[in-house]
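Close look at the chain arrangement
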Amino acid sequence: MIIPNVNVLSDGQLKEVTDILTAYGCKVMVITGAERCVYAIVGDERNDDMVTKIEGLPYINRVDRIQSPHKLMDIRSSLATHRVKMGGIVLGTEPFFCAGPCTIDPKNPNLTIETAHAVKEAGAHALRGGVWKPRTNPYSYQGDAKALLVLMEASRQTGLPVDTEVMDEEHLRLAIEAGVHCIQVGARNALNYSLLRQIGEAIAGRDVCVLLKRGMHLGSVQEFISAAEYIVQLGNPNVILCPRGTQPTLDGYRNHPDESIVPLLKERTWAPVVVDPSHSVGKAAYVPAASLAAIAYGADGLCIECNVHPGKGIGDDPKQAVTPEVLRRIISQTRELWRITRGA
Ligand code: PEP
Ligand code: MN
């Protein structure tokens, strides 16, 4: 990681740095932040001659060599001062809430529109909604690009930024073109490294963030953070980590709630963590407790499935979506818990 004395290197300075790195078989990755740029060395940064030459440039303060497999996501990275913003708040400064239906039914657009207004009213900062769905059963509803129009209309009416999952490059292209604010990587694609790279390339230089779910296969903390590194190394550091439960260990839970991973993530990475309590437990009645647990463990926010009429929704909504009244209560109780535990 190259730390300059200035916020942004000029074209001439960047060329000088690039020429030195190229001579040693490395490249520079420019990560553009709100106020300053961070210059990461991509390649083997252990060569002392290369580092000495870079540090000898008058506009360079120092080169930090972080021995970490996720050097940009690492808590010691200079990106640690980066803050992800969404829905008018800076994540980490107050609890963030994203809510909405599991799946947007393009045949019943009013259900999504009504839900969007209701989640905003309940205090959510962002709207979630599945346009394309990863389904275990190949014969169940798989999603429809028409639902993207409904999602964007809900965003227009409420002013809420929207989050939707993409499963391939075509979904990604359509979502970016439509103006989706947050691209979701689902649990089933948590290790789809070509998709992660495509997303990193597509969002570089754009005001778009990524909600990266944890895989459902009991993957390690390291593996979760490294998946985020795939995206961030391509230039956009706006990644949010989203634990959502792993393989079920208790008969009764859809997945094994894994909010206890939050402090482990916080020790190793600067990235905000937004827990999905809905998929963790898979049952609306358990979502309020899982939400409180997540905030108690230090989560920066929650992504909750909510529907004005859960029974009329498709996908997961009939069993796990909470109503807007319950969402309002979760928001108020978790805010209170945040105040008690974090004093703000
Ligand atoms: C979802 O958010 O509706 C979803 C399918 O999530 P996950 O990838 O966590 O199962
Ligand atoms: Mn769902």
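Residues numbered from 1 in each chain as written. Chains lettered and ligands numbered in written order. Predicted model: local features only at pLDDT ≥ 70, side-chain atom pairs only at ≥ 80, totals over all residues. Heavy atoms only, no water.

1. What about the overall build of the protein?
The criterion, for reference: Going along the chain from the N terminus, every DSSP run of H or I of four or more residues is numbered as a helix, and every run of E of two or more is numbered as a strand. As defined in this context, the radius of gyration uses C-alpha atoms, and a globule is described by 2.2 Å times the residue total to the power 0.38. Only protein chains enter the accessibility calculation, which uses a 1.4 Å probe. A residue is then buried if its area is under 20% of the maximum for its type, exposed if over 50%, and partly exposed in between. The Shrake-Rupley method, run with a 1.4 Å probe sphere, supplies the accessible areas, and residue values consider only the shown protein chains as cover. Positive charges come from Lys and Arg alone, negative charges from Asp and Glu alone, with His and the N- and C-terminal ends not counted. By convention, the charge on Lys lies at NZ, on Arg at CZ, on Asp at CG and on Glu at CD.
A count of helices and strands for the protein gives twelve helices and 14 strands. Compactness check: the protein gives a C-alpha radius of gyration of 21 Å against a globular reference of 20 Å for 344 residues, within 12% of the reference. Its C-alpha atoms give the protein principal-axis dimensions of about 65 × 40 × 35 Å. In the protein, which comprises 344 residues, the share counted as buried stands at 54%. Just so you have it, the protein exposes about 14,500 Å², and 51% of that area is on carbon and sulfur atoms. Placing the 36 positive and 38 negative side-chain charges of the protein at their respective mean positions leaves the two points 3 Å apart.

2. Quick notes on the coordination of the manganese ion (ligand 2)
Our working rule: Ligating atoms shown are N, O and S within 2.8 Å of the metal, or 3.2 Å for Na, K and Ca, and water is not included, meaning a site may look less than complete.
Here the manganese ion (ligand 2) is held by C102 (SG), H279 (NE2), E305 (OE) and D316 (OD), and the distances to it run 2.1 to 2.5 Å. All donors to the manganese ion (ligand 2) come from one chain, and their sequence spacing reads C-x176-H-x25-E-x10-D. Taken as a pair, E305 in strand β14 (residues 301–305) and D316 in the loop between β14 and α11 (317–320) lie far apart in primary sequence, eleven residues in all. Neither E305 nor D316 differs from the other in exposure class; each is buried.

3. Points about the nonpolar core
Note the following rule: Residues grouped as a nonpolar core are buried Ala, Val, Leu, Ile, Met, Phe, Trp, Tyr and Cys residues, joined through side-chain atoms within 4.5 Å. Between two residues, a contact is recorded if the distance between any of their heavy atoms is within 4.5 Å.
Ranked by size, the top nonpolar core spans 74 residues in total, and within it I183, I199, V210, L212 and L327 carry the most contacts. Top contributing element to this core by residue count: helix α7 (residues 221–232), with seven residues. For V210, the residues in contact, after removing those within four places along its chain, are C182, I183, V185, I199, I203, I231, N238, V239 and I240.

Note that all results are geometric; they support no functional claim without further evidence.
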